[in-house]
Each structure stands twice: as C-alpha cells, then as structure tokens.
Amino acid sequence: PAPPPGFSDVALNSRNTYEVSRRRSAPEHLPRAAPPAPEPPDRARHWPGIAGSTFAEFFARNFFAKKTKELKPAVQSAPGWKLFGKVPPRENLPKDSKIIQQEYEARTGRMYKPPPPSARRKNIEFEPLSTTALILEDRPANLPAKSVEEALRHRQEYDEMVAEAKKREIKEAHKRKKIMRERFKQEENIASAMVIWVNEILPNWEGMRATRRVRELWWQGLPPSVRGKVWSLAVGNELNITPELYEIFLSRAKERWKSFSETSSENDTEDAGASVADREASLELIKLDISRTFPSLYIFQKGGPYHDLLHSVLGAYTCYRPDVGYVQGMSFIAAVLILNLEEADAFIAFANLLNKPCQLAFFRVDHSMMLKYFAAFEVFFEENLPKLFLHFKSYSLTPDIYLIDWIFTLYSKSLPLDLACRVWDVFCRDGEEFLFRTGLGILRLYEDILLQMDFIHIAQFLTKLPEDITSEKLFSCIAAIQMQNSNKKWAQVFASLMKDNKEGDKNHSPAPKN
C-alpha cells in the first residue's frame, strides 16, 4: 500500500543514495553500475524550488559525497632537538663512540685499553642494575660534537663508574645474602628448639626447668610459639588470680569509667578509697600512655586491634591494686604480655610480675629500696667496667638517670621488640639480677662511645639507644659481665646492703624513755 500523502519515505531510496555516492566518488575509468529501476511517480517527491531533484539526490550530493585526500610526501624531521623554530640538518651526524675510538686508534696508532673488569664470582645469582642507572649518551645534534680525546675520556670515566657501582651492588647483595642465611639458620634453630620445648620440657616442667640443658636452651631465646606459656610458668601465680577474678575487676573498672564520663561528683566514688581527681587523672594517664605504646606497630593506638584489650588489662589492674594504681610505663609491660598471651592469662602474669620485690619497689616509688638497687648496681658496675665507672663519677652521673626507664618498662621501650622479648626470656629464668646485668651489658657494648661523651650526651644516648643493636652483640656483652664481687653474688650483695641499712636505722633511732 502507498504511504499517506504528505510524508516521504527516504529509507526506501537508501540504496539509490549509496549508488549515487559511489558513482560520484569512483574514478572515471571504472564501469558504471546498472541504473536502478525507476520509482513510481507517486513515490518520487521533489524538493520545492529545485527542479528534477529528489530527496535522495539532494542528501547524496550534499552529505554523502566523499572527498579524496591528497597524500603529502613524508617529511623527515631534522635530527637533534629544538626549542624555537626549525633546526637545519647537520652534515656530520653524531658518530658512535666505537667509531670515534677506531678513528682515534687509526690516527694515533695507540690502542685504548679499557679498565680491567672487576673480579666477579661466578656464583653470583643476580645481575647488577648499574648499567640501567648509568647511561652514556652523546651530545644533542645542535651542540658541538665532542673531540676524540674528550669522548674517550668520558668513556673511560663511564666504565669506571659502572665498575664501581657494580662492585658496590655486589657487596650489598652479599651482605643481604649473609643476613638471609643467618635468618634462615635462626629459624631452623627455633623450629628444632620448639620441638624440644613442646615434647620434652613443658610436659616435665618442674623436673627439667633447673637442668643445665634447659638453661642453655633458654639462654638462646624461646621460640615465639611457646614463649607465652614459658613466661606464665616462670612468673607463676602466687596471687592465685583466676580468669573469673579478672572479669570481676574488669567489670568494676568499666563501671567506674562509665561513672566518670557521666558525673564528676565525689559521692559516686567515695567507696573506692580515692578521690575523683586522682581516679580521673589515672584514667587519663592510661589513655595517654596507650597511644604512646609501641607507636610504630599501630596496633595499640585508638582503632587498633589491641587498643581496647590493653585498656581493659590496665584498668582492671588499677582496680585490683589501688595501692599501686597506674604508673607510667606499665603499658609497655602489659602490651608485651598481650602480644604473647590471651587476655586473662596476660592479666594474671602482669599482676604477678609487678608483685615481684624489684618491680613493686619501683612502681610504688619506694625511694629507700630503689637506692639499694642502685647501690648494688654500682658495685658490679665498678667491678666490670672500672674505667667507664670513673668517667661517670667525674660527671656525677648516677644510675637513676638511665636505669629507671629501663627497669620501669623492662627494656621493652629502649630496645627493639624482638630483642626485648629475648631479654624477657632470660629475665624470667634468672629474675631481677638479669635486669641489672643487661644494663651493664649495654654499657659494655657502647663503652668506647660513652667514654668520649659528656654528661648531657651520655644521658641522651642512654635514654634513646641506637636502633641497629643486635641480639648477638648485646648478649655477648651480657655474657662477659660477671655478677660476682668478692665472691659475693647479686643476692648476697643486695642482702648486705639491706642489712647495713637496718643497722643504720637502729643506730639513729631515739633511745627509749625511762
């Protein structure tokens, strides 16, 4: 059926449009296609004002005619680089360094001898990257070319630079391989030691803990998988704390934190035995210390996986021991325990560890007891490091300046974490004596450096020890420290100091009245 009047079907003539376009764009010598069949008169609509032209012809003439593009001959860009305008091509293009070398040898009759290659071992399993970082190139084309002597000198300097860089990279690679070998050896030793601890020592703990074999194995460091268990057994549980008791004090701590956040009235906390200001100060100190505990690990800060856990252990302890409360530095001890033990076990070990005589004296700030520990330390300091001892005496540098921070945190803040854990291993074996022996080992390790320093620099150095300290060097220095003075061991020296103190107190006590 014919379309309704007033509408034109352009789509019907699409094939004709294509044919017209193709004929106009085709060359003349090509044979023309057969003319299309004429359309019925009623289907051919004329454009008003243009005689004999249909819609299809109009669109083909104006929109679908193809224009042939003239191919321009490729213009080769001039060699070199330019900033403004064109650079005319140079007649003498830059020569390769080998060609320059050959021309120089032909003209002078002298042979260029490259520097001898560095002695490289055949078992190197890598390729140095020096040649990719150092590239010798000729000058750009728009600059004067190098002379033969200059080009050869630059080539020689380049070869020397590459050889030196390769030598340095080989040395660094050998150093990395040595570190990796030592690390693999250490991991193998840990794996073999773990089997002994799990299968032989831990099942027979009471009978084997004091044997020579176990003590030697203990000195080498505990495997991380059994470290927490051995620490718990070595510290013990003299306070008979149970996980249920921890939950009780934890819930009490949470109630107090909630009451502190809701109200500041003294009536709500009078039964706790301390003022609101003291408790709020202790609470704020815990929050502040947690954010500064092992900041490089990002696990104890707010939002970290162990932030709430550390906050709970410290808060429960402040409720368990209100006579001690929270003291700055406790967060480091609790954090190390949390990394190796479960929450309740970490609290039990934490409470029993701080109940030891040395830790209790320091955290309760018992000045008389602290002075006794410092005096005993100086006895062995003078015995083992007399030269450094006199140097410290000349500047009136007392042990409290550097020992307090070491003892409060059990070296977990001053030493790298893995090294601090190894110090903890032997501390759990030998007790408080090893804490002071470790301090003497640190002084022995850096004795030559400390002898060149004055008071301020010594205090700064011992407050922040170098980060590159290794366990092998430190423990070799600790092993060289003899904790014996005039055939008296640490416990005997400390006991004699305590005895002298008691006799002095009796002599200064007032006489009884008649």
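Predicted, not measured: the structure shown is a model, and the values here were computed from it.

A few words now on the overall build of the chain. Across its full length, the chain carries 23 helices and two strands. Among the 514 residues that make up the chain, the fraction classed as buried is 36%. For the chain, long-range pairs separated by at least 24 residues make up 70% of all intrachain contacts whose partners lie at least 6 apart in sequence. Here the chain displays about 33,000 Å² of accessible surface, and carbon together with sulfur accounts for 55% of that area.

All right, on to the packing of helix α8 (residues 224-235) against helix α12 (residues 330-340) then. Helix packing for two helices is described by the angle between their axes and how far apart those axes are. With their axes 8 Å apart at the nearest point, α8 and α12 run at an angle of 125 degrees to one another. In terms of their interaxial angle, α8 and α12 are classed as oblique. Across the interface between the two elements, Arg227, Gly228 and Trp231 from α8 touch Val336, Leu337 and Asn340 from α12. Residue composition of the contact of α8 with α12, grouped by class: three nonpolar, two polar and one charged.

This part is about unusual backbone geometry. With phi around 45 degrees, Phe294 is a residue other than glycine that occupies positive phi space. Its location among the elements puts Phe294 in the loop between α10 (276-291) and α11 (307-320). Of note, Ser396 is a non-glycine position whose phi angle comes to about 55 degrees, a positive value. By the element assignment, Ser396 lies in the loop between α16 (386-394) and α17 (400-409). With relative accessibility at 56%, the residue Ser396 sits in the exposed group.

To continue, consider the UniProt feature "coiled-coil region" (unreviewed entry) in the chain. Mapped onto the present numbering, the UniProt feature "coiled-coil region" (unreviewed entry) falls at residues 148-183. A distance of 52 Å separates the end C-alpha atoms of residues 148-183, which is 100% helix and 0% strand.

So, on to helix α19 (residues 432-445). With 14 residues, α19 extends 20 Å from end C-alpha to end C-alpha; this agrees with the ideal 20 Å at 1.5 Å per step. Most of α19 is tucked away: 10 of the 14 residues are buried. Along α19, the residues classified as buried are Phe434, Leu435, Phe436, Arg437, Thr438, Gly439, Leu440, Gly441, Ile442 and Leu443.

Across the chain, pLDDT averages 78, with 67% of residues at or above 70. Per-residue pLDDT stays below 50 along residues 39-52; that stretch engages in 18 contacts with residues further than four places along the chain or on separate chains. Long-range and interchain partners of residues 63-84, a stretch whose pLDDT sits below 50, account for 16 contacts in this model, where long-range means more than four residues apart.

Per the counting criterion, the structure on display carries 10 salt bridges. Residue Arg212 pairs with Glu216 through a salt bridge whose shortest N-O separation is 3.2 Å. Of the two residues, Arg212 and Glu216 are both situated in helix α7 (residues 212-219); the distance of four residues between them amounts to about one turn of the helix. You can call Glu216 partly exposed: its relative accessible area is 43%. A salt bridge links Arg227 to Asp425, with the nearest nitrogen and oxygen atoms 2.9 Å apart. With Arg227 in helix α8 and Asp425 in helix α18 (residues 417-430), the pair connects residues that are 198 residues apart, well separated along the chain. Grouping residues by exposure puts Arg227 and Asp425 together as buried. Where salt bridges share partners, they join Arg215, Arg429 and Asp430 into one cluster.

A separate point is the nonpolar core. Counting residues in hydrophobic clusters, the biggest one holds 112 residues, and the most contacted among them are Trp197 and Leu443. Non-local contacts of Trp197, meaning those with residues more than four positions away in its chain, are made with Leu202, Pro203, Trp205, Val214, Leu217, Trp218, Leu222, Pro223, Val226 and Val230.

Further remarks concern the side chain of Gln301. Inspection of the secondary structure assignment puts Gln301 in the loop between α10 and α11. Given a relative accessible area of 16%, Gln301 falls into the buried group. A polar atom in the side chain of Gln301 sits 3.2 Å from the backbone oxygen of Thr293. Those residues in contact with Gln301 that sit more than four places away from it in its chain are Ile290, Ser291, Arg292, Thr293, Phe294, Pro295 and His307.

Moving on: the side chain of Asp425. Looking at Asp425, the relative accessible area reads 0%, which means it is buried. Non-local contacts of Asp425, meaning those with residues more than four positions away in its chain, are made with Trp218, Gly221, Leu222, Arg227 and Trp231.

The subject of this paragraph is the packing of α12 against helix α13 (residues 343-353). For the pair α12 and α13, the least separation of the axes is 9 Å and the interaxial angle reads 140 degrees. One finds that α12 runs oblique with respect to α13. Seen from above, α12 lies across α13 with right-handed handedness. For the pair α12 and α13, contact is made by Met330, Ile333, Ala334, Leu337 and Ile338 and by Ala346, Ala349, Phe350 and Leu353, respectively. Partitioning the contact of α12 with α13 into residue classes produces nine nonpolar, no polar and no charged.

This next bit is on a nonpolar patch on the surface. Nonpolar side chains collect at one region of the surface, where Tyr395, Ile401, Phe455 and Ile456 lie side by side and expose about 330 Å² of accessible area between them. Tracing the chain through its elements places Ile456 in helix α21 (residues 455-463). Under the relative-accessibility criterion, Ile456 is labelled exposed at 53%.

Before going further, it helps to examine the packing of aromatic side chains. All told, the structure shown has 31 aromatic pairs when counted by the stated rule. Residues Tyr246 and Phe347 carry aromatic rings whose centres are separated by 4.8 Å and whose planes lie at 40 degrees to one another, so their mutual orientation is tilted. Of this pair, Tyr246 sits in helix α9 (residues 243-262) while Phe347 sits in helix α13, and the two are 101 residues apart along the sequence. Classification of Phe347 as buried rests on a relative accessible area of 0%. Between Phe436 and Trp490, the aromatic rings sit 4.7 Å apart at their centres with planes inclined by 25 degrees, giving stacked as the arrangement. Of this pair, Phe436 sits in helix α19 while Trp490 sits in helix α23 (residues 490-508), and the two are 54 residues apart along the sequence. Judged by its relative accessible area of 0%, Phe436 falls in the buried class. Lying over the aromatic face of Phe475, Arg422 brings its terminal NZ or CZ to 4.1 Å of the ring centre.

What counts and how
Residues numbered from 1 in each chain as written. Predicted model: local features only at pLDDT ≥ 70, side-chain atom pairs only at ≥ 80, totals over all residues. Heavy atoms only, no water. Helix = DSSP H or I, 4+ residues; strand = E, 2+ residues; numbered from the N terminus. Buried < 20%, exposed > 50% of the residue type's maximum accessible area, 1.4 Å probe, protein only. Contact = heavy atoms within 4.5 Å. Areas by Shrake-Rupley, 256 points an atom, 1.4 Å probe, with all protein chains shown as cover. Axes fitted to C-alpha atoms, helices over the stretch in contact; angles between N-to-C directions. Parallel < 35°, antiparallel > 145°, perpendicular 65-115°, else oblique. Nonpolar A, V, L, I, M, F, W, Y, C, P; charged D, E, K, R; others polar. UniProt positions renumbered as here; feature names shortened; annotations may be inferred. Expected span 1.5 Å × (residues − 1). pLDDT = per-residue confidence, 0-100. Salt bridge = Lys/Arg side-chain N within 4 Å of Asp/Glu carboxyl O. Core = buried A, V, L, I, M, F, W, Y, C linked by side-chain atoms within 4.5 Å. Polar contact = N/O pair within 3.5 Å; in protein donor to acceptor, adjacent residues only side chain to side chain. Left-handed = near helix turned anticlockwise from the far one by under 90°. Patch = residues over 30% accessible without salt bridge, like charges linked within 9 Å, V, L, I, M, F, W, Y side chains within 5 Å. Phe/Tyr/Trp six-rings, centres within 6.5 Å; stacked < 30°, edge-to-face > 60°. Lys NZ or Arg CZ within 6 Å of the ring centre and 35° of its normal.

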